[in-house]
Amino acid sequence: MKKNLLLVIICLFFASCGWFDSTPEIGKVLAEHFDNKLYKNFDTVAYDRIFSKKLDELGKELSNPKLTTAYYLDNNNKPLLVTKFFVNGGLDTLNQYLENSKADGFNPEVFYKSEIAKLLSTLKANDFKKIDEVYPVIAELELKSADALLRYTNYMQFGSVNPRKIFNRYYIALKRPDSAKMDSVLKTDNLVKTLASVQPKAKSYLDLKEALANYRQSIGNENDEAIKKIKLNLERLRWKMPIETDEVVQVNIPDFSLTWFKNNDTLTHMNVCVGGKREATYAEKMKRFAKSGSLDDKPRNHETPQLISVFNSIQVNPVWNIPVSIAQSEIYWMARKDPYYLSNSNIKVYYKGKVVGDPDTIQWSKYPREKLPFQFKQGSGEGNALGKFKFIFDNSSSIYLHDTNNKYGFKLANRAISHGCVRIEKPLDFAELMVKSKSQYDQLRMDVNLPPTDTTRNKQYQKILAKRADTVNRFQLKPSWFSTRKNIAVVISYYTAWAENGKVEFRPDVYDYDETLWTALKRYM
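Residues numbered from 1 in each chain as written. Predicted model: local features only at pLDDT ≥ 70, side-chain atom pairs only at ≥ 80, totals over all residues. Heavy atoms only, no water.

### A look at the overall build of the protein
Phase 1: Across its full length, the protein holds 19 helices and 16 strands.
Phase 2: Relative to the compact-globule value of 24 Å for 525 residues, the protein shows a C-alpha radius of gyration of 32 Å, a clear excess of over 25%.
Phase 3: Dimensions of the protein, computed from the C-alpha atoms along their principal axes, are close to 105 × 65 × 55 Å.
Phase 4: Burial analysis of the protein (525 residues in total) assigns 48% to the buried set.
Phase 5: Contacts in the protein between residues far apart in sequence, at least 24 positions, make up 68% of those at least 6 positions apart.
Phase 6: With an accessible surface of roughly 27900 Å², the protein has 51% of that area assigned to carbon and sulfur atoms.
Phase 7: A gap of 6 Å separates the mean positions of the 79 positive and 61 negative side-chain charges of the protein. (Helix = DSSP H or I, 4+ residues; strand = E, 2+ residues; numbered from the N terminus. Rg over C-alpha atoms; globule rule 2.2 N^0.38 Å. Buried < 20%, exposed > 50% of the residue type's maximum accessible area, 1.4 Å probe, protein only. Contact = heavy atoms within 4.5 Å. Areas by Shrake-Rupley, 256 points an atom, 1.4 Å probe, with all protein chains shown as cover. Lys, Arg positive; Asp, Glu negative; His and termini not counted. Charge placed at Lys NZ, Arg CZ, Asp CG, Glu CD.)

If you want it as structure tokens, here you go:
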């Protein structure tokens, strides 16, 4: 009885593996399609040997060798893509998409376009004398189609380069392909639908893609700098931003501008100043600084990072908590040069958390910059470097948008002049869009000595002015806080080319990021 049961189990196992099938599915499909009995002689064991060898040969070339190997191991090395999509033209459609990838800036050969076309042609010719001649063609077609499918769908949906691996100030947690998503791509039963679903659909992308075609037609030189720049920015547009809000405030660093979008509408646009470019000899100086530890050797790098967050509050009449780097590199020297600089600039000095009563008497030469024991805060008021408004959002770099007491900077052509935060040209307009109500906006206006828009609150405003003008009871200006409307995202981005009103707008590569990206990207172009 036990022997019979064991025999049944063994038979069921081999039957599930298809060992008792005289012809596997691929053989049946091809035999019927070509009306050729040769394919009925398809031997699973013989094919498996060829497939395994081909998989070993291509191992290093594959974009995801571990995932691909695991997928075919789970499926007994069956040529599932060829079985499902050769006869119905699905693989021809795949190859056409690969050919069309040139319109997106890619080199189609990155996806084995010509090799797959040749393999398809060989299989379609149906000119095999022996079944053994079929195995290497199907094995290679299966593997290269699988890898092309994975590469193409990943690159079109998520970009071919992960910017977080090449830029040290790229802090956006982009959506990237995962093993479950890639596995589902290989398991697709509708190849045409899968390929169509990964096409970028944003108007900004489609317009720039069209511009690439126009430039190619008019210039005719693939190595032209304008064409190269368009390709770079198509890649940037393929990076999948984790934005889940209808309202987005986008800062574009190379354009020195801010645009507030609500779905397809533009609510406002204004100039901004961004962080200054790192020193030309930054890498060399960093090596020197790493050895010496001396701040004299530390290079400057105030580049504004690329990030995404959501606004949560506005600080009116803000206090500036001066960063340690600025205290060491600037405030220290100004205080040594002019003993009254701190008091004249409304900067308070703190030692172990307590205010130093008379900072003008500090003998700064006694304290090395590297071990400066003081903290600095600039109080609210006209001379505050942050101006009258600070727009706050969570991020790990202490970056925020703010007003400024130096309006001249907005007249400059190159506005990469800040310490890293973003100065905005029209902070009052910006605040009006961000607060929850007109009443809140009027309170904000009165806090910065502006009359309310609601004239019924003029008496309240006059009392505020009288209190501030009282010379007996000296008024001390302090920050006030306002909550923002919910779900307003901020994106600090970097685009050096985009299509607008039928033409391409190009901007200088202010941080030299284009060349860094091109070095990583050119093998795919």
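### With respect to the layout of surface pockets
Phase 1: A volume near 1800 Å³ is recorded for the largest pocket.
Phase 2: Taken together, 49 residues make up the lining of the largest pocket; nearest its centre are Ala202, Ser204, Tyr205, Leu237 and Gln250.
Phase 3: Those elements giving two or more residues to the lining of the largest pocket turn out to be α8 (134–158), α11 (203–219), α12 (225–238), β1 (247–252), β2 (257–262), β3 (265–275), β15 (497–500) and β16 (503–506).
Phase 4: Its boundaries defined by the atoms lining it, the second largest pocket holds a volume of some 1200 Å³.
Phase 5: Lining the second largest pocket we find 47 residues, and of these His302, Pro323, Ser325, Ile326 and His419 sit closest to its centre.
Phase 6: Elements represented by at least two residues in the lining of the second largest pocket include exactly α13 (282–292), β5 (320–321) and α14 (324–337).
Phase 7: By residue number, the principal contributor to the lining of the second largest pocket is α14, which donates six residues.
Phase 8: Looking at the lining of the second largest pocket, its residues break down into 17 nonpolar, 18 polar and 12 charged. (1 Å grid on protein atoms, 1.4 Å probe; cavity = no way out; pocket = protein on both sides within 12 Å on 5 of 7 lines; lining within 4 Å. Points joined across faces, edges and corners; volume = space filled by probe spheres on them. Nonpolar A, V, L, I, M, F, W, Y, C, P; charged D, E, K, R; others polar.)

### Considering the pairing of β3
Phase 1: Examined bridge by bridge, β2 and β3 share six bridges and lie antiparallel to one another. Looking at β3, one finds that lysine 262 is bridged to aspartate 265.
Phase 2: Counting the residues in the hairpin turn of β2 and β3 gives two residues, including asparagine 263, whose phi is positive at 55 degrees.
Phase 3: Here β3 pairs with strand β12 (residues 422–424) via two bridges, running antiparallel. In the sheet register, cysteine 273 faces β12, and the bridge partner there is arginine 423. (Pairing = 2+ DSSP bridges.)

### Let's talk about the nonpolar core
Buried together is how nonpolar side chains tend to be arranged in soluble globular proteins.
Phase 1: Of all hydrophobic cores here, the largest spans 135 residues; its most connected members are Phe311, Phe376, Phe391, Leu401 and Phe430.
Phase 2: Here this core takes 14 residues from α8, the largest share from any one element.
Phase 3: If near-sequence neighbours (up to four positions away) are discounted, phenylalanine 376 is found in contact with Trp320, Asn321, Ile322, Ala327, Ile331, Leu342, Ile347, Lys348, Val349 and Trp364. (Core = buried A, V, L, I, M, F, W, Y, C linked by side-chain atoms within 4.5 Å.)

### Focus on the environment of phenylalanine 389
Phase 1: By the element assignment, phenylalanine 389 lies in strand β9 (residues 389–393).
Phase 2: By relative accessible area, which is 4% here, phenylalanine 389 ends up buried.
Phase 3: In sequence terms phenylalanine 389 and arginine 415 are 26 residues apart; their C-alpha atoms lie 19 Å from each other.
Phase 4: The residues touching phenylalanine 389, leaving out its near neighbours within four places in the chain, are Gln315, Val316, Pro318, Leu401, His402, Asp403, Pro427, Leu428, Leu444 and Val448.

### Here's the deal with the pairing of strand β8 (residues 374–378)
Phase 1: The alternating pattern of β8 places Phe374, Phe376 and Gln378 on a buried face and Gln375 and Lys377 on a face that is not buried.
Phase 2: With two bridges joining them, β5 and β8 adopt antiparallel strand pairing. By the bridge assignment, asparagine 321 is partnered in β8 with lysine 377.

### Concerning empty space enclosed by the protein
Phase 1: Under the defined criterion, the tally for this structure stands at one cavity of 30 Å³ or more.
Phase 2: When its volume is computed, the largest cavity comes out at roughly 40 Å³.
Phase 3: Partitioning the lining of the largest cavity into residue classes produces five nonpolar, two polar and one charged.

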